[in-house]
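# A look at the structure
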Amino acid sequence: MSAETPTTIERAVPESALPSGLPVGGGPVIDVTRLRVALARLSRRLRRHEVLGLTPTQLAALATVEQSGPMRLGDLAAAEGIAPSTLTRLVTALEDSGFVQRCADPSDARASTLAITPQGHQALERIRSESNLVLAQSLRNLTPAQRSALAAALPVLEQLGSA
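Below: a short report on this structure. Here the structure is a predicted model, which is why all the values come from computation and not from measurement. Note on numbering: residues in each chain are counted from 1, in written sequence order. Reporting in this predicted model follows two pLDDT cut-offs: at least 70 for local features of residues, and 80 or more for side-chain atom pairs to be given and counted; totals over whole chains, interfaces and linings ignore these cut-offs and use all residues. Just so you know, side-chain values use all the structure's heavy atoms and leave hydrogens and water out.

## Overview of the overall build of the protein chain
Quick note on the threshold: Secondary structure is summarised from DSSP: a helix means a run of H or I of at least four residues, a strand means a run of E of at least two, and numbering begins at the N terminus for each. Burial status follows relative accessibility: with a 1.4 Å probe on protein chains alone, a residue under 20% of its type maximum counts as buried, one over 50% as exposed, and anything between as partly exposed. Note on areas: these come from Shrake-Rupley sampling with a 1.4 Å probe, and a residue is covered only by the protein chains present in the view.
Of regular secondary structure, the protein chain possesses seven helices and five strands. For the protein chain, the α and β elements follow one another from N to C terminus as α-β-β-α-α-β-α-α-β-β-α-α. In the protein chain, which comprises 163 residues, the share counted as buried stands at 21%. Per element, the accessible surface of the protein chain, about 10900 Å² overall, is 56% carbon and sulfur.

As structure tokens, this is what we get:
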């Protein structure tokens with residue numbers, strides 16, 4: 001099986017027909033199903049708390065506004081891959097919670113930009129702190145060898161996340 005085959009198979013064949021382990025660049029076989037499930041479960045566990053009533057979509061949009069600085073609504077919709085009607089509801093909820101504010105766009109009087117408020121920064125910090133605490137508590141349950149393996153895998157996981 002060539003290095004290109006997994007990508008072709010993943011797009012053309014239902015997931016149930018995929019092999020769970022795929023050779024990657026001549027290295028060891030990686031059980032992609034187990035990896036995907038483990039990452040999804042960890043992600044859900046870290047998002048499980050509904051701090052401040054934010055949905056995962058609202059949280060992602062708020063983090064994008066924080067990272068990007070004031071941005072046009074259309075740019076936020078494109079960055080988050082959401083439809084304009086969904087964006088309107090999302091932004092209204094974030095505004096009503098006091099996490100963002102709309103401002104006139106200095107380059108176009110017909111448009112507005114979205115900026116995070118101090119309350120929005122505080123909400124993100126609280127959520128990050130709580131997620132870090134949950135993860136740190138889980139790491140305490142691992143053996144030293146497991147923690148070492150995870151530390152060694154961290155650069156690879158970061159690379160997968162940015163690909």
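## Quick notes on helix 3 (residues 56-68)
Convention followed: The length a helix should cover is 1.5 Å for every residue beyond the first. For this quantity, the arc is that covered by the directions from the helix axis to the C-beta atoms. Any pair of residues with heavy atoms lying within 4.5 Å of one another is described as a contacting pair.
An ideal rise of 1.5 Å per residue puts 18 Å on 13 residues; helix 3 measures up with 18 Å between its terminal C-alpha atoms. When we look at burial in helix 3, the residues that qualify are Q58, A61, L62, T64 and V65. Down the axis of helix 3, the buried set is contained in an arc of 160°. They therefore lie on one face. Those residues of helix 3 that are buried are in contact with strand 3 (71-72), helix 4 (73-80), helix 5 (84-96), strand 4 (100-105), strand 5 (108-116) and helix 6 (118-139).

## Looking at the side chain of T113
Tracing the sequence through the fold places T113 in strand 5. If we skip the residues at most four places from it in the chain, T113 touches P70, M71, R72, Q101, R102, C103, A104 and D105.

## Structural notes on helix 7 (residues 144-162)
Test applied: The bend at a residue is defined as the angle formed between two axes, one fitted to the seven residues ending at that residue and one fitted to the seven starting there.
Between its first and last C-alpha, helix 7 extends 28 Å over 19 residues, near the 27 Å set by a 1.5 Å rise per residue. Most pronounced at L154, the bend in helix 7 amounts to some 40°, and the proline P155 follows within four residues.

## A word on the sheet that holds strand 3
For clarity, the threshold we go by: The pairing criterion is simple: DSSP has to find at least two bridges between the two strands. Here, axes are lines fitted to C-alpha atoms. For helices the fit covers the stretch in contact, and angles between N-to-C directions go from 0 to 180 degrees.
Judged by pairing direction, the sheet is antiparallel, and its three strands sit side by side in the order 3-5-4 without closing on themselves. The sheet is open, and its two borders are formed by strand 3 and strand 4, each paired with just one other strand. Strand direction decides the pairing type here: strand 3 and strand 5, joined by two bridges, are antiparallel. By the bridge assignment, M71 is partnered in strand 5 with L114. In this fold helix 3 packs onto strand 3, strand 4 and strand 5, with an angle of close to 105° to the strand it touches most, strand 5. Packed on one face of the sheet, helix 5 meets strand 4 and strand 5 and runs near 115° to strand 4.

## Examining the pattern of salt bridges
Definition in use: Think of a salt bridge as a Lys or Arg side-chain nitrogen and an Asp or Glu carboxyl oxygen that are within 4 Å of each other.
Counting across every chain of the model gives seven salt bridges. In this structure, the salt-bridge partner of R102 is E95, at a minimum N-O distance of 3.0 Å. For R102, a relative accessible area of 36% puts it in the partly exposed group. Look at E95 and you get partly exposed, because its relative accessible area is 27%. Across the salt bridge formed by E130 and R126, the nearest N and O atoms sit 3.2 Å from each other. Highlighted residues: E130 and R126, both in helix 6, separated by four residues, approximately one helical turn. Since its relative accessible area comes to 44%, R126 is described here as partly exposed. Three or more residues are tied together by salt bridges with common partners; here these are R72, D105, D108 and R110.

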